[in-house]
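Coordinates in review
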Amino acid sequence: QIAARMRPLALAVVALAAARVGGEEVAVDALGGQADTRTDVGAGSVEDVSAWLDDIGFADLKKKFASNVIDGPALREITEEELKELGVKKIGARKLFGRMLCEALPDCERPNLTAPEGELNVSAMSVSEVGEWLGHEGFADAKKAFATQGVDGQALLDLNEDELKVDLGVAKLGQRRRFARTLCTVMPGCRNPRRADVVASWSVGDVNEWLKEIGLGKYVRKFASHEVDGMTLPDISEDELKSELGVSEIGLRKRFRAQLCTLDAAFCPQPQREEASSDALGLGGLDLAQYVQKAQAYLQQRAAEKAANGEAADTEIAQLVNAALSKRGADGEGEAAADAQPEA
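**Some points on the overall build of the protein**
Helix and strand content of the protein: 19 helices and 2 strands. Here the protein, with 344 residues, has 33% of them falling under the buried criterion. Contacts in the protein between residues at least 24 apart in sequence constitute 52% of all its contacts with a sequence separation of at least 6. Carbon and sulfur atoms provide 51% of the accessible area of the protein, an area that totals close to 20,500 Å².

Spelled out as structure tokens, the structure:
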């Protein structure tokens, strides 16, 4: 009975909505929740945009939008920076506006940020729950700024680094990087990039921030004066660290190496491989026949080691032997060298 009495009113509301969006028919069953067609606000006039702002709860922006002649096509292209110019100061409000606009544009697709069952559903978090999450993850000092800016779960997942720095006051680069890594762990579909790739993109300033984080802040100026960036950082030798960069304390040099290793396993010290050299072969004072015999034994040993490690055989020792044989041949042992070279 209530539905029967409400239907005329519902139809009147639909008729009014149709008139407000330019007279196009909007076939809506207000009681059944069925929507067949809907006018694309992105193709509407300034008046259509004004009516849409009313509908989504941003009526206070109507005058600003109208004075800036924002019609549907302009609305489609609006940026968050422009929203700030139009008076949408809070991050949370700008993110909400963006979501509402996407829902109003038939060709707009937003990523599904709903977490799988059993995982933390950040997108459903309220502003206060975001504050609790920040405290739990070690960002308690940012809670007030996030609350003031109205950052809820969906806004949190859509933050960029500039907003973190300028609007939310996360001034330290290291903190912003850690925030991004932490957020990625709870963001559906997000994978943190390899740390080696991230470090390679570091600027001199980024390296300086990292030095401060690991307790080597007093060497920031020295590293900066040598223009040590992320590409250079992993290649610093022990001698360069001590002599050129001035890290004289043994403990701090060891800390530098250990912390560098935690960034990525690729930066950990690698065991030195035995180099093929006359010293390694032990060739001092040998005649040609002994030289060839010694070289053959060493080459077989190396081949066996490489096969055991699944590596391809190398040719540097054979090249070394041949070069030495050629030299000895030039010294008057050419005939013996010619006989021995194929065997070598």
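**Some points on the pattern of salt bridges**
For the coordinates displayed, the defined rule picks out 13 salt bridges. The partner of Asp-167 in a salt bridge is Arg-94, with the nearest N and O atoms 3.8 Å apart. Taken together, the residues Asp-167 in helix α10 (residues 161-167) and Arg-94 in helix α6 (residues 91-104) connect sequence positions 73 residues apart. Of the two residues, Asp-167 and Arg-94, both sit in the buried class. Across the pair Lys-95 and Asp-158 runs a salt bridge whose closest N-O atoms are separated by 3.7 Å. A residue pair is termed long-range when its members are at least 10 positions apart, and Lys-95 in helix α6 and Asp-158 in the loop between α9 (153-157) and α10 qualify at 63 residues. One connected set of salt bridges, linked through shared partners, spans Glu-80, Lys-84, Arg-94, Lys-95, Asp-158, Glu-163 and Asp-167.

**A look at the nonpolar core**
Counting residues in hydrophobic clusters, the biggest one holds 23 residues, and the most contacted among them are Trp-202, Trp-210, Leu-211, Phe-223, Leu-233, Ile-236 and Phe-256. Secondary-structure elements contributing two or more residues to this core are α12 (195-200), α13 (204-213), α14 (220-225) and α16 (250-263). With 4 residues, α16 is the single largest residue contributor to this core. Apart from residues no more than four positions distant in its own chain, Leu-233 is found in contact with Val-199, Trp-202, Val-207, Trp-210, Phe-223, Val-228, Phe-256 and Leu-260. Counting residues in each nonpolar core, the second largest holds 21 residues, with Leu-134, Ala-155, Leu-156 and Leu-157 among its members.

**A word on a negative patch on the surface**
Taken together, the side chains of Glu-81, Glu-82, Glu-85 and Asp-162 define an acidic patch exposed on the protein surface. With 3 residues, helix α5 (residues 80-85) is the single largest residue contributor to the negative patch. Looking at the secondary structure, you find Glu-82 in helix α5.

**Description of the packing of aromatic side chains**
For the structure on display, the rule yields 9 aromatic pairs. A ring pair is formed by Phe-146 and Phe-179, whose centres lie 5.9 Å apart and whose planes are at 45°; its orientation type is tilted. In this pair, Phe-146 sits in helix α8 (residues 143-148) while Phe-179 sits in helix α11 (residues 173-184), placing the two residues 33 residues apart along the sequence. Since its relative accessible area comes to 1%, Phe-146 is described here as buried. Using a relative accessible area of 3% as the deciding quantity, one classes Phe-179 as buried. Both rings, one in Phe-223 and one in Phe-256, keep their centres 6.1 Å apart while their planes meet at 45°; by these two values the pair is tilted. Of this pair, Phe-223 sits in helix α14 while Phe-256 sits in helix α16, and the two are 33 residues apart along the sequence. Each member of the pair, Phe-223 as well as Phe-256, carries the same accessibility label: buried. The rings of Trp-52, Phe-58, Phe-65 and Phe-97 are connected pair by pair, giving a single aromatic cluster.

**What to know about helix α7 (residues 127-136)**
Every buried residue of α7 is accounted for by Val-130, Gly-131, Trp-133 and Leu-134. The buried residues of α7 occupy an angular sector of 160° when projected down its axis, which confines them to one face. Exposed side of α7, more than 90 degrees from the buried face: Glu-132 and His-136 are the residues found there. The first or second residue beyond α7 is Gly-138, which carries a positive phi of 90°.

**Concerning the state of the cysteines**
For the structure shown, the criterion picks out 2 disulfides. The side chain of Cys-102 participates in a disulfide bridge whose partner is Cys-108; the two sulfur atoms lie 1.9 Å from each other. What sets the handedness of the Cys-102 and Cys-108 disulfide is the S-S torsion sign, and at about -100° it is left-handed. Its relative accessible area of 30% is what places Cys-108 among the partly exposed residues. Paired through a disulfide, Cys-261 and Cys-268 show a sulfur-sulfur distance of 1.8 Å. Disulfide Cys-261-Cys-268: torsion about the S-S bond near 80°, hence right-handed.

**A word on unusual backbone geometry**
At Val-69, a residue that is not glycine, the phi angle is positive and equals roughly 50°. Note on placement: Val-69 falls in the loop between α3 (62-67) and α4 (72-76). Here Val-69 falls in the exposed class, since its relative accessible area comes to 56%.

Rules of the game
Residues numbered from 1 in each chain as written. Predicted model: local features only at pLDDT ≥ 70, side-chain atom pairs only at ≥ 80, totals over all residues. Heavy atoms only, no water. Helix = DSSP H or I, 4+ residues; strand = E, 2+ residues; numbered from the N terminus. Buried < 20%, exposed > 50% of the residue type's maximum accessible area, 1.4 Å probe, protein only. Contact = heavy atoms within 4.5 Å. Areas by Shrake-Rupley, 256 points an atom, 1.4 Å probe, with all protein chains shown as cover. Salt bridge = Lys/Arg side-chain N within 4 Å of Asp/Glu carboxyl O. Core = buried A, V, L, I, M, F, W, Y, C linked by side-chain atoms within 4.5 Å. Patch = residues over 30% accessible without salt bridge, like charges linked within 9 Å, V, L, I, M, F, W, Y side chains within 5 Å. Lys, Arg positive; Asp, Glu negative; His and termini not counted. Charge placed at Lys NZ, Arg CZ, Asp CG, Glu CD. Phe/Tyr/Trp six-rings, centres within 6.5 Å; stacked < 30°, edge-to-face > 60°. Arc of directions from axis to C-beta. Disulfide = S-S within 2.5 Å.

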